[in-house]
Every structure is written in structure tokens, then in C-alpha cells.
Amino acid sequence: MRRIGDAPAVKRLLIGAALVLSALFLLLPLVAIFAQAFSQGMAVFWSNVSNYFTLHAIGLTLGVALLTIPICLVFGVALAWLVTRFSFPGRRILQTLIDIPFAVSPVVAGLIYLLLYGRNGWIGSWLDGHDIQLMFAWPGILMVTVFVTCPFVARELIPLMQAQGSREEEAAATLGAKGWITFWRVTLPNIRWALLYGIILTNARAVGEFGAVSVVSGAIRGQTNTLPLHLEQLYQDYNAVGAFACAALLALIALLTLAAKASLEWRASRREALL
Amino acid sequence: MSLALRLTGNTRVLPGFGLSMGISVLFISLVLLLPITGLFGQLSNLSLAQYWAIITEGRIVASYTVTIGAAAVAALINAVFGLLLAWVLVRYEFPGKRLLDALMDLPFALPTAVAGITLATLYAGSGWMGRLLEPLGFQVAYTWVGIALAMAFTSIPFVVRTVQPVLEDLPAEVDEAAMSLGATDGVAFRRVIMPHLWPALVTGTGLAFVRSLGEFGAIIFIAGNMPYETEITALMIFVKLQEYDYAGASAIASVVLFVSLALLLAINVWQGRFVRRLHGGKG
């Protein structure tokens, strides 16, 4: 039986349009990043990547991402467990609240942290009196990064855990398994791929966050400059090749993220086919 | 308590309610809600007249127009382009399909600043695209068209990834019935497919629009940032901050925050309604 849009001409036209537009709109920018980064040869690329300020920015960026992931992981798992395993008043409100970081502009996210924890804020002024500086230092970068990335793990887990239901865990619990044992032996094996994908997304966003971080970082070279901020400085200094060298590193992380997603989805579809 | 009673679900069989509730509420309060109080603290230093004067200043109002206009254009482009991509990815088999599917997530995975400098370089007069377009009279970089382009780039996955699952779940009988009754492709698509798709399409386009309103990193490089012409509202907040005008930055931020939270709520309510409708009264 024929389905809508199955006529060969229509099909060819639509596939062609989708491919051409995607190539121009999505693939071309990706190619351009690497073309620009290597436009003056491997040696220049390498010297751009291996200079002190770039290495420091890479280190800071990875360090912040490494600290962000466990924080978001604990929150994401706790929230997903809470809203999918129990029903209580306010459940829907909690689920709406975790979408706030998706809707709030990154610049506004940075600003609200700056206002609260900066020297003039009510917490910031108290901390300042105790010689603790969070803003324009790495803790501030970590705080806003956690803000913008915290929904990812929860968002991946909630639909899956809702679909799976709590029957297996309830069986374990009624058989006398303790809470943590149930979680490790029953829940975790069921959600590990979604959990992994949540972590990968968290990492991708943490590494690349720009707007929020640029408000609270101060962007001091060799101190509070993350890789995206460093890239911006190089670009504004008319060192486009240097900027694109940093961009290529970040694009590589993005490509790894896409590859990981594709392979996780392939694994999931293969498991579905086996069942 | 008997086993049967415990399994009816009235009692909480599973452990961890207190712990997960504690972590979730503490985290949401500290990370998401507490910082917003800082914004209101700053705003309380302003009189209503001062607040009004800041948010209605000419240059700021011009930035609202640019931001909303470009975001609307980007959302409309994405509604069409996203629908096309979702359709092609679900309905057809062709070489490179898996690659195209993976490519759809690129704008989410790619850091916004990377997208920003790349689009600016591509569409500048000397760039690959700029060299083709400028002789034809299309200037993209440093105009609002460039802003709309950057917004469309960062938000396209919202439409594709919202429409795709709905289209996948649509049973083949739906369009087979329409086709066997002799409808043409166009009529069948409009009358039979679209009624199923448009709630998801509106949700995805709405999310893309909200994302575009707040986008910063991808836009500022290609925008040119000319006062009254190509300045977006997020940039105005940033400029006020660099001038240490915290009150001004907060006032503008409160407008952006209010609009984006109101839109988020509207999308959630809308989505909740149509999900309930699909699942027969239980959301």
C-alpha cells in the first residue's frame, strides 16, 4: 500500500532538499572550523594549542566539567527517583522548575549569580568579610555551569524511569532488599545508558558554556579564562587561526558527543530488536 | 501489614522518599531559586519610575525589536525546515540517513561561541558563503539576517527532536486510509498528518523561539552590535554589567526573565493539555 509522499519524484525532491539544506546549514560550519584551524598548517595549529594560556584554559574547562558532572549526577538521579517512584503534591511543579535553566538566557543566569554572590550581594558581602571570593574566580564558574547543566541528567532519566515503572524495584523491596542494594542491582542496570547519555550531554554543555561564564569569570588570561572565553579573546584580537584552533578542540568534543549518542541509540534499538 | 496491602501502592514500598526529596528540594532552592532573589534584591533599590525609564529607553526597546523579530523569523524558518527534516528522517530510507540524524544534534553539542565565530567567518564578505551571497546583494553578517541565522542554527534541534517521535508513532494505516480513498499527497498531508503533528510542531517551535530570545554566544560575533540596529537584549545586559550599572542590568534582565519564564510555563501547560488529550484524560 502506498503511503503519503511515496511517489519517487516527491521522495527524491524532499530528500534532496533536506540533504542540501543540512549540508549548507549544519555541515559547512563544521567543515569550516577545521579548515580555519589548520589553514596555516599543522605546526601553527599545534603552537596555538600548546601555548601556556590555551593549556591553562583547557585545564580550567576540563576541571570545571569534572566537578560539574558528579553534582548534576546526584541531583539528576535523586530528582528522577523522586518524581517517577512517588506521587505527591507538587510533583509537576518540581518537573517544571528543573526546566528553568533551559528557558533562562545564559547572560541572565550569570547575572543573578553575580548579584547574589558578588561583592555587593547579600551573601557575597558576607563572604567578602570572611575573605572568600566566589565571583571572578573558578568557584563562580563552577556555580553557573551547574546552573545551566543541571536539567540534563534528570531530563534523560525521567521519561525512561517513567516508562519502565517501579515494579522491579517494588519486587526487590518486598523480597527484603535494602534501598541501596535495590538501587545498585535493579535500578542502575536499567538506566545506565540513559545515565551515561545524560553525563555526556552535561559534559558537552559544561565544556562549552559561554554566556553565563563570561559574566562571572572576569576572563583573566591564565587564571579564569575557560576555553570558550579564550577563543573569544583570540578572535577579538584578530588571531582567527588561534581562535579556530581552540574551536576545533571544542568541536572535537562535540563530535565525540554525537558519536556517543549515535552508538548509545544503536545499542538501544538493537536491544529492542532482540526482545 | 500484609504483602497484598503493600502492593496496592497506597503505602510507599520503595525507600528513599525522604532522601531524594531532601536533595531535590535543597538543590532546586539553592541553585535555581535563591539566585533569583538576588535579582529582586537589586531591583528593590529602584523606584518604579526609574525601572520604567530603564526598560523603555530607546536603545533597549530597539534591542527588544531586533531580538523578538529575529527570533520569530528563526522560529518560522525552523518550523518548516525542522518539519522537512523530521519527515525525511522518519519516512524515507537513503544512504547517509544515520549521519544526517546524528548531525541534527550538532547545534546542541557545539559550544555557542564556536558556532558564533564560525558563522561570522563563513558569512563575512571574505567567507565561503559571504563571497557567494554579497555579490548578489545579500548581506548576512553584521545585519539582523545574520542574527536570525545564528538563532536558527542553535535552535533547529528543538523542532526536529519534538516532531520526530510523534511522526514515528503515527501508524501506517493513517495515511494508507487517506491514500486509498484517493486523496492527493498534499491534501492527505494537510488533512490527515498535520492534525497529529501540529501540537508537537507548535511545542518545538515555541521552545526554539524561547531559546533564540536568550541566545548570546552564537549571535554576538555575527551581529555587528550596532546600537539601535543589531544589538540583542542579552548583549544590552552584558554592556550594562561592563559599565558596572548593576541596577540597569537587573532591570533589563527581569524583563527577559519574566518573558522567558512566562513562555516556558505556557509551553508546559499547552504540552500538558495535548498529552492528556492523547492519553485519554490521564497526563
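In this text, all values refer to a predicted model and were calculated from it rather than measured experimentally.

A.B. asks: Before we move on, can you summarise the overall build of chain B with the specific residues and values?
C.D. replies: Along the backbone of chain B there are 14 helices and zero strands. For chain B, the sequential pattern of α-helices and β-strands runs α-α-α-α-α-α-α-α-α-α-α-α-α-α. A globule of 283 residues ought to have a C-alpha radius of gyration of about 19 Å, yet chain B, at 24 Å, is considerably larger. Oriented by its inertia axes, the alpha-carbon framework of chain B measures out at about 65 × 60 × 30 Å.

A.B. asks: So what's going on with the confidence of the model for chain B? Residues and values would help.
C.D. replies: Low pLDDT marks stretches whose predicted atomic positions should not be read closely. Here chain B averages 89 in pLDDT, while 93% of its residues score no lower than 70. Low pLDDT (under 50) marks residues 1-10 of chain B, which in the prediction has seven contacts with non-local residues, meaning those over four places away or in another chain.

A.B. asks: Describe the interface of chain A and chain B, naming the residues involved and giving the relevant values.
C.D. replies: Listed by partner, the interface residues are 95 residues for chain A and 96 residues for chain B. Regarding the contact of chain A and chain B, the summed buried area is about 8,300 Å², with carbon and sulfur atoms giving 79% of it. Inspection of the region where chain A meets chain B yields one salt bridge. For D105(B), the salt bridge is made with K261(A), and the minimal N-O distance between the two is 2.6 Å. Inspection of the chain A/chain B interface yields seven residue pairs in polar contact (both at pLDDT 80 or more). Residues of the side of chain A that touches chain B, tallied by class, amount to 68 nonpolar, 15 polar and twelve charged.

A.B. asks: How would you sum up the nonpolar core? Please name residues and give values.
C.D. replies: Counting 181 residues, the largest nonpolar core has Y113(A), Y117(A) and F147(A) as the members making the most contacts within it. Looking at this core element by element, the count peaks at 16 residues for helix α4 (residues 58-91) of chain B. Shared between two domains, this core holds at least three residues of each, these being domain 1 (1-37) and domain 2 (42-274) of chain A. In contact with F147(A), not counting residues within four places along its chain, are I100(A), P101(A), V104(A), A109(A), I112(A), Y113(A), V31(B) and L32(B). Formed by five residues, the second largest nonpolar core is a distinct cluster that contains F152(A), Y197(A), L201(A) and L264(A).

A.B. asks: Let's hear about the packing of aromatic side chains: which residues, and what values?
C.D. replies: Residue and element names in this part refer to chain A. All chains considered together, the criterion is met by 20 aromatic pairs over all chains. With centroids separated by 5.8 Å and ring planes inclined at 75°, the aromatic side chains of Y113 and F147 adopt a geometry described as edge-to-face. Taken together, the positions of Y113 in helix α6 (residues 106-117) and F147 in helix α8 (residues 138-149) put the pair 34 residues apart, joining distant regions of the chain. A residue is classified by how much of its surface remains accessible, and Y113, at 3% relative accessible area, is buried.

A.B. asks: Break down the side chain of N48(A) for me, citing the residues and quoting the values.
C.D. replies: In this structure, N48(A) sits in helix α2 (residues 41-50). Residues within four places of N48(A) in sequence aside, it is in contact with T54(A), N239(A), V241(A), G242(A) and A245(A).

A.B. asks: Quick one: what's the story with helix α9 (residues 151-164) of chain A, residue by residue and with numbers?
C.D. replies: Residue and element names in this part refer to chain A. Spanning 14 residues, α9 covers 20 Å between terminal C-alpha atoms, matching the ideal 20 Å at 1.5 Å per step. Among all positions in α9, only P151, F152, V153, A154, L157, I158 and M161 are buried. On its buried face, α9 sits against α3 (52-85), α4 (91-97), α5 (100-103), α8 and α11 (179-208). G165 lies just past α9 and shows a positive phi near 70°.

Definitions and limits used
- Residues numbered from 1 in each chain as written.
- Chains lettered and ligands numbered in written order.
- Predicted model: local features only at pLDDT ≥ 70, side-chain atom pairs only at ≥ 80, totals over all residues.
- Heavy atoms only, no water.
- Helix = DSSP H or I, 4+ residues; strand = E, 2+ residues; numbered from the N terminus.
- Rg over C-alpha atoms; globule rule 2.2 N^0.38 Å.
- pLDDT = per-residue confidence, 0-100.
- Contact = heavy atoms within 4.5 Å.
- Buried area = accessible area lost by both parts, 1.4 Å probe.
- Salt bridge = Lys/Arg side-chain N within 4 Å of Asp/Glu carboxyl O.
- Polar contact = N/O pair within 3.5 Å; in protein donor to acceptor, adjacent residues only side chain to side chain.
- Nonpolar A, V, L, I, M, F, W, Y, C, P; charged D, E, K, R; others polar.
- Core = buried A, V, L, I, M, F, W, Y, C linked by side-chain atoms within 4.5 Å.
- Buried < 20%, exposed > 50% of the residue type's maximum accessible area, 1.4 Å probe, protein only.
- Domains from an automatic or database assignment.
- Phe/Tyr/Trp six-rings, centres within 6.5 Å; stacked < 30°, edge-to-face > 60°.
- Expected span 1.5 Å × (residues − 1).

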